[in-house]
Amino acid sequence: MIQHQSPNKLRIAVLVSGSGTNLQVLLDRSAAGDLAAEIVAVVSDRPEAYGRVRAERAGVPTHVVDYRAYLQREVEKPLELKLPVNLEELARRQKILKSSDPEKLLQRLAKLVLAEDELIGILDSYRPDYVCLAGFMRLLSPYFLGHYNRGGQWRVVNIHPALLPAFPGAHGYEDTFCYGCKWGGITIHFADEGEDTGPIVAQAVYPIWPDDDMEKVRQRGLSLEYEMYAQCINWLAAGQVELCSSPNLRVDTRITDPDYQIIMRSWIDKALA
Ligand code: GRF
């Protein structure tokens, strides 16, 4: 089959675990010609993720890496497994898994690496410019991240439903709402080895009104997510996400789009409407 590729379009692979409404927006915008990216593959960690159905409907190849099966495997001697990476070094570098038992930690990491090795094999066969996480609920180890974040490039993008560094983790909307915040936020960032700690690409906020319930807050936030993810991908495609180092030596980014402020205002106006 001949693959037609438009010049200047990014090749992105999207990872999902669940319903995939962000993925749907990206698929729709791509089909409408409003996304400077071709979604070359969608990979899920769960066979039942609805995001797969959305991708299949749009004619995008889908794959499953069954993390559950990998993580339930018995691994007696992790250091004797043939792995593409030094497990002890990985254990020193990783920042998220905690265990008082070093052997258990190695076992968990070994299983994770096996799953990630399959994932990398699939993703690389599509030669993606970026791997976009859209509700992918799995920890990514330094093995996976190091494979894509190389040569000063950051190639794994995540959308997080809170104004980082507040409320990292899996429950951004719930944590924001239960804390009594009067504004919620969305963050698009590159993924690094910490928990939602990578360089921030864009952030925006939405109001939380006194009579809101959790569901209203989530819906308002999601509407903002849909605008932001597509825009950030377009900025990446246009080379308008510049990397720079901030005074505290963190890697930082700067959007060079001359319309940046207009776009930022439009997101917030829409959220306030
Ligand atoms: C979104 O809230 C996203 O910010 C978070 O996971 C959720 C995914 O939702 N990382 P959906 O699957 O795109 O509907």
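Above this text you will find the structure in question.
Calculation notes
- Residues numbered from 1 in each chain as written.
- Predicted model: local features only at pLDDT ≥ 70, side-chain atom pairs only at ≥ 80, totals over all residues.
- Heavy atoms only, no water.
- Near = heavy atom within 4 Å.
- Polar contact = N/O pair within 3.5 Å; in protein donor to acceptor, adjacent residues only side chain to side chain.
- Areas by Shrake-Rupley, 256 points an atom, 1.4 Å probe, with all protein chains shown as cover.
- Helix = DSSP H or I, 4+ residues; strand = E, 2+ residues; numbered from the N terminus.
- Nonpolar A, V, L, I, M, F, W, Y, C, P; charged D, E, K, R; others polar.
- 1 Å grid on protein atoms, 1.4 Å probe; cavity = no way out; pocket = protein on both sides within 12 Å on 5 of 7 lines; lining within 4 Å.
- Points joined across faces, edges and corners; volume = space filled by probe spheres on them.
- Buried < 20%, exposed > 50% of the residue type's maximum accessible area, 1.4 Å probe, protein only.
- Arc of directions from axis to C-beta.
- Contact = heavy atoms within 4.5 Å.
- Salt bridge = Lys/Arg side-chain N within 4 Å of Asp/Glu carboxyl O.
- Axes fitted to C-alpha atoms, helices over the stretch in contact; angles between N-to-C directions.
- Parallel < 35°, antiparallel > 145°, perpendicular 65-115°, else oblique.

## Digging into the site of the ligand
- Surrounding the ligand, one finds S19, G20, T21, N22, G135, I159, P161, Y173, L222 and E225.
- The contact in question runs from an oxygen atom of the ligand to an N or O atom on the backbone of G20, over 2.8 Å.
- One nitrogen or oxygen atom from the side chain of T21 is found 2.5 Å from an oxygen atom belonging to the ligand.
- About the coverage of the ligand: the protein hides 83% of its 360 Å² of free accessible area.
- Looking at the shell around the ligand, the elements with two or more residues in it are α1 (21-32) and α8 (214-237).
- Residue composition of the shell around the ligand, grouped by class: four nonpolar, five polar and one charged.

## A word on empty space enclosed by the protein
- Within the structure shown, the criterion is met by one cavity of 30 Å³ or more.
- There is about 60 Å³ of room inside the largest cavity.
- Residue lining of the largest cavity: Q94, K95, I96, L97, L109, L112, L139, L140, S141, P142 and E193, and that is the complete set.
- Tallied by class, the residues present in the lining of the largest cavity amount to seven nonpolar, two polar and two charged.

## A few points about helix α2 (residues 50-57)
- All buried positions along α2 are accounted for by G51, R54 and A55. End-on, the buried residues of α2 take up no more than an arc of 95°, which puts them together on one face.
- Turning to α2, the residues buried within the fold contact β1 (10-16), α1, β2 (37-44) and β3 (62-64).
- Positioned one or two residues after α2, G59 has a phi angle of 75°, which is positive.

## A word on the pattern of salt bridges
- In total, this model carries 13 salt bridges according to the counting rule given.
- Salt-bridge contacts for E227 lead to R29; the nearest nitrogen and oxygen are separated by 3.3 Å. Taken together, the positions of E227 in helix α8 and R29 in helix α1 put the pair 198 residues apart, joining distant regions of the chain.
- By relative accessible area, R29 is classed as partly exposed at 24%.
- Put simply, R46 and E48 hold a salt bridge, and the shortest N to O gap is 3.3 Å.
- When its relative accessible area of 26% is taken as the criterion, R46 is described as partly exposed.
- What you see here is one network of salt bridges that share partners, running through R29, E227 and K270.

## Remarks on the layout of surface pockets
- Its boundaries defined by the atoms lining it, the largest pocket holds a volume of some 950 Å³.
- Lining the largest pocket are 35 residues, with G135, F136, M137, I159 and A170 sitting closest to its centre.
- Put simply, the parts of the chain that give the lining of the largest pocket at least two residues each are α1, β5 (156-160), α7 (172-179) and α8.

## A short note on the packing of α1 against α2
- At a minimum axis distance of 9 Å, the contact between α1 and α2 shows a crossing angle of 10°. The angle between the axes of α1 and α2 places the two elements in the roughly parallel class. Here α1 contributes T21, L23, Q24 and L27 to the contact with α2, which in turn contributes G51, R54 and A55.
- In terms of residue class, the contact of α1 with α2 is built from three nonpolar, three polar and one charged.

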